[in-house]
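# Summary of structural features
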Amino acid sequence: QKEVEQNSGPLSVPEGAIASLNCTYSDRGSQSFFWYRQYSGKSPELIMFIYSNGDKEDGRFTAQLNKASQYVSLLIRDSQPSDSATYLCAAHSGAGSYQLTFGKGTKLSVIP
Amino acid sequence: EAGVVQSPRYKIIEKKQPVAFWCNPISGHNTLYWYRQNLGQGPELLIRYENEEAVDDSQLPKDRFSAERLKGVDSTLKIQPAELGDSAVYLCASSLAATPNTGELFFGEGSRLTVL
């Protein structure tokens, strides 16, 4: 069973702080990892993807991947109330079959 | 450019009744997905189409669920008969290609099903 694990939260951070969202995955064959943001009652939207070990930065967002530890994280700098949403981590489970496995999501609340 | 369009947005039915959901993907996107999202959970893949061919339907409960994508564009997902446990949001997504490293999935707003 290929699993993606996330702490469901809620994670509360004050406005302007760094929010750190974590994710672990069970399938060592997973190649690519995605962070989606989902506002309440809305559909998921892609924030970032990463497939190489290390950090990948895009504006206020930084994705981090450690394949040896099977660990993915998303850092949100200068958190804003508009960042309040559920963040879904997803892993692609390898060549041959495009199976994107999602975690349950972490609910983030940014307190003004 | 129009996004992924789904209808209906909301559907309330009694158990054992049939229900159908419709999806129009982004123009030019050859890959179409149906996901189911239960409350407090992440989306789970039901079926993936490459053009009109269903290439991954291993998670589709085939005793009551069916899907089709005629002409490789619009798709419908049907449940017959519906059960209480089918209450969920059914998400349609599309992408240019099933390439994991660069293929972004674009989701529709979803169809929220409530089975009474």
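Located above this text is the structure these notes cover.
Below or above, wherever it landed, is the structure these notes cover. Note that the coordinates shown come from a computational prediction; the quantities given were computed from them, not determined experimentally. (Residues numbered from 1 in each chain as written. Chains lettered and ligands numbered in written order. Predicted model: local features only at pLDDT ≥ 70, side-chain atom pairs only at ≥ 80, totals over all residues. Heavy atoms only, no water.)

A few words on the overall build of chain B. The secondary structure content of chain B amounts to zero helices and 11 strands. Helices (α) and strands (β) of chain B occur, in sequence order from the N terminus, as β-β-β-β-β-β-β-β-β-β-β. The C-alpha radius of gyration of chain B comes to 13 Å, within 12% of the 13 Å expected for a compact globule of 116 residues. Looking at chain B residue by residue over its 116 residues, the buried ones come to 46%. (Helix = DSSP H or I, 4+ residues; strand = E, 2+ residues; numbered from the N terminus. Rg over C-alpha atoms; globule rule 2.2 N^0.38 Å. Buried < 20%, exposed > 50% of the residue type's maximum accessible area, 1.4 Å probe, protein only.)

Another aspect to go through is the side chain of B:Thr31. Residues and elements named next belong to chain B. Mapped onto the fold, Thr31 is located in strand β4 (residues 31-37). The buried category is assigned to Thr31, whose relative accessible area is 0%. Separated by 2.9 Å, the side chains of Thr31 and Glu50 make a polar contact. (Polar contact = N/O pair within 3.5 Å; in protein donor to acceptor, adjacent residues only side chain to side chain.)

Let's shift gears to the environment of B:Ile79. Residue and element names in this part refer to chain B. Within the secondary structure layout, Ile79 lies in strand β8 (residues 75-79). Along the chain, Ile79 and Ser94 lie 15 residues apart, while their C-alpha atoms are 21 Å from each other. Beyond its immediate stretch of four places on either side in the chain, Ile79 contacts Gln17, Pro18, Val19, Phe21, Arg64, Phe65, Asp86, Tyr90 and Leu113. (Contact = heavy atoms within 4.5 Å.)

By size, the foremost hydrophobic cluster in this structure holds 23 residues, and its most contacted members are A:Phe33, A:Trp35, A:Val72, A:Leu74, A:Ile76, A:Tyr87 and A:Leu108. When residues of this core are traced back to their parent elements, those giving at least two are β3 (19-25), β4 (32-38), β5 (45-50), β7 (61-66), β8 (71-76), β9 (85-92) and β11 (106-111) of chain A. Ignoring any residue separated from it by four or fewer positions in sequence, one finds A:Val72 in contact with A:Leu21, A:Asn22, A:Cys23, A:Tyr25, A:Phe33, A:Trp35, A:Ile50, A:Gln64 and A:Leu65. If you look at the next biggest cluster of nonpolar residues, it comprises 21 residues, including B:Leu32, B:Ile47, B:Ile79 and B:Val115. (Core = buried A, V, L, I, M, F, W, Y, C linked by side-chain atoms within 4.5 Å.)

As a further point, take the sheet that holds β8(A). Residues and elements named next belong to chain A. What the five strands build is an open sheet, ordered β1-β3-β8-β7-β6; its pairing is antiparallel. Two strands in the sheet have a free side with no partner beyond their single neighbour: β1 (4-5) and β6 (54-58). The pairing of β7 with β8 spans six bridges and is antiparallel. Counterpart to Asn66 in the pairing with β8 is Tyr71. (Pairing = 2+ DSSP bridges.)

A word on the sheet that holds strand β7 (residues 65-68) of chain B. Residue and element names in this part refer to chain B. Read from one edge to the other, the open sheet built from four strands follows the order β1-β3-β8-β7, with strand pairing classed as antiparallel. Only two strands of the sheet have a single partner each, and these edge strands are β1 (5-7) and β7. Mean inter-strand twist for the sheet, computed between neighbouring axes without regard to direction, equals 15°. Bridging between β7 and β8 involves four bridges; their strand directions are antiparallel. Bridge pairing links Ala67 to Leu77 in β8. (Axes fitted to C-alpha atoms, helices over the stretch in contact; angles between N-to-C directions.)

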